[in-house]
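Take a look at the letters that make up each chain.
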Amino acid sequence: MSYLELHQVSKVYGVGATEVDAIRDVDLSVEPGSLVAVMGPSGSGKSTLLTIAGSLEDPSSGEVFVGGILLSKMSRNDKARLRRRSIGFVFQDFNLLPGLTAVENVSLPLELDGLPARKAHAEGMAALEELGLADRASHFPDQLSGGERQRVAIARATVGDRQLLLADEPSGALDSVNGEAVMRMVLAACHRGLAAVVVTHEAQLASWADRVVFLRDGRVVDQTMPPPSPESLLQPSPIQ
Amino acid sequence: MSVRHALLALLSEGPKYGLQLRQEFETKTGEVWPLNVGQVYTTLQRLERDGLVESDDAGEDERQKGFRITPDGEQELSDWLCTPPDQTSPPRDELVIKVLVALELPGVDVRDVIQIHRRYLVELMQQWTRLKEDEARFDLSLALVVDAELFRLDAVIRWLDSADGRLKRASAEPSRTVSPAVPRIRRGTGVRR
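A. Quick peek at helix α7 (residues 140-172) of chain B. Taking 1.5 Å per residue, 33 residues should reach 48 Å; α7 of chain B reaches 47 Å between its end C-alpha atoms and fits that length. All of the buried residues in α7 of chain B are Leu142, Val145, Val146, Leu150, Ile157, Leu160 and Ala163 of chain B. In this structure, the buried residues of α7 of chain B make contact with α7 (203-206) of chain A together with α5 (94-104) and α6 (110-134) of chain B.

B. Examining the sheet that holds strand β4 (residues 61-66) of chain A more closely. Residues and elements named next belong to chain A. The strand order across the open sheet formed by four strands is β2-β1-β4-β5, and the pairing between neighbours is antiparallel. Two strands in the sheet have a free side with no partner beyond their single neighbour: β2 (20-30) and β5 (69-70). Summarising the sheet, strand β1 (residues 4-13) and β4 pair through five bridges and their orientation is antiparallel. Considered in β4, the bridge of Ser10 is made with Ser61. Across the sheet, helix α1 (residues 46-53) lies against β1, β2 and β4, angled at about 120° from β1, the strand it touches most.

C. Representation of the sheet that holds strand β2 (residues 53-55) of chain B in the model. All names here are of chain B. One open sheet accounts for three strands, arranged β1-β3-β2; its pairing is antiparallel. On the outer flanks of this sheet lie β1 (16-17) and β2, each paired with one strand and no other. Along the sheet face, helix α3 (residues 37-49) touches β2 and β3 (66-69) and points at about 105° away from the line of β2.

D. Fine view of the pairing of strand β6 (residues 87-91) of chain A. Residues and elements named next belong to chain A. Burial within β6 is extensive, with four of its five residues counted as buried. Where β6 meets strand β7 (residues 164-168), five bridges bridge the pair, whose relative direction is parallel. Each residue of the ladder has a partner; that of Val90, found in β7, is Ala167.

E. Expanded view of the interface of chain A and chain B. Residue-level contacts link 19 residues of chain A with 24 residues of chain B. At the level of elements, α7, β9 (211-216) and β10 (219-223) of chain A are the ones that each hand at least two residues to the side of chain A that touches chain B. By residue number, the principal contributor to the side of chain A that touches chain B is α7 of chain A, which donates three residues. The class makeup of the residues in the side of chain A that touches chain B is 15 nonpolar, three polar and one charged.

F. Seen up close, the domain arrangement of chain B. Residues and elements named next belong to chain B. Under the domain assignment, chain B is made up of domain 1 (3-82) and domain 2 (94-172). A straight line from the C-alpha centre of domain 1 to that of domain 2 covers 36 Å. Each partner contributes to the interface: domain 1 provides four residues, whereas domain 2 provides four residues. A breakdown of the residues in the side of domain 1 that touches domain 2 according to their chemical character gives one nonpolar, two polar and one charged.

Conventions used here
- Residues numbered from 1 in each chain as written.
- Chains lettered and ligands numbered in written order.
- Predicted model: local features only at pLDDT ≥ 70, side-chain atom pairs only at ≥ 80, totals over all residues.
- Helix = DSSP H or I, 4+ residues; strand = E, 2+ residues; numbered from the N terminus.
- Expected span 1.5 Å × (residues − 1).
- Buried ≥ 20, exposed ≤ 12 C-beta atoms within 10 Å, placed from the backbone.
- Contact = placed C-beta atoms within 7 Å.
- Pairing = 2+ DSSP bridges.
- Axes fitted to C-alpha atoms, helices over the stretch in contact; angles between N-to-C directions.
- Nonpolar A, V, L, I, M, F, W, Y, C, P; charged D, E, K, R; others polar.
- Domains from an automatic or database assignment.

This is the structure we're talking about:
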């Protein structure tokens, strides 16, 4: 069963002559343990799709199910709880709180959700250790490199009992080595059972996904087939 | 890919036999470029003819011959490493031609044609990325080869994305029609100095 499902989801901004269809009739399903990339150019509706999937915004029409629950039937408080407990967000510009250390940033959502501070801190440390950042735990964001900041953001997005990871251009500001490290972490989270959606315009990022969905002018126009074994790449015709 | 210079590079490490050269070539290129043993011996004969390698006098049996690089061979290898491959001439890219043809054909949506090629290339990149995920972390040669292929495919997709964007803008501005005229590009003949 899919953890995230979008059925015929549309979002319209403005009214009358200024009306703009950000996304139209989008269907998308993401199973636990799988990574789906949504690829499209700027303005194709990628970020709108992500904010609707993450319950940050309501669709104009259509249905969104997260963990089998229809979002439109949930109260604002229930949605906020769902976001704190089950959904992790990663953004291009990290969105870390500058006045908090790395471990405080990671453990904050757990504390907000009522976990005692000491336990939240321990879970935050464990998440940082898993991403090789234990020695950066007491550093503030401005003392970290871009790659480290994004790893902290991923630790924050996957800490606790998260089921869904939503990432918007997560390696956009990073070089290719750090970008690859970020995608390896997203993939590792999926291997632990999370469902993940990464929206991006970059093919190198999208190529880490199990499935790539192509968005054009707000519509899903295509998607990749499951890739064959990479072994076939190692048997080209001999060179001349 | 120059087998000739790859063999010179391997021989610059010390004298080697033909079969050994073949095995080392495949290992050091991440086993992405298979090489048959006939190619190895033909290339070695040419290198010997050109005075770039020398062999032991081991009679007619090529497999018993050891090969070593000569000073001229060392110089040839050094020159080759520092000579940029010719990238001044735009290649006659089949994909570019397909998109240009699609642009002219009535009843063909060129953006749909672009999407077909984009999907194929992304699927290919997924395969290369799997290879990196599974193996390349532990094999530097393979990681470098896979990265090179991923960047090459990525560049083609970026061109498709750019073409898609241009076509979208062009269709939104009917007064500025897309010119069918492709500018003449002078094809260079050598490396830019």
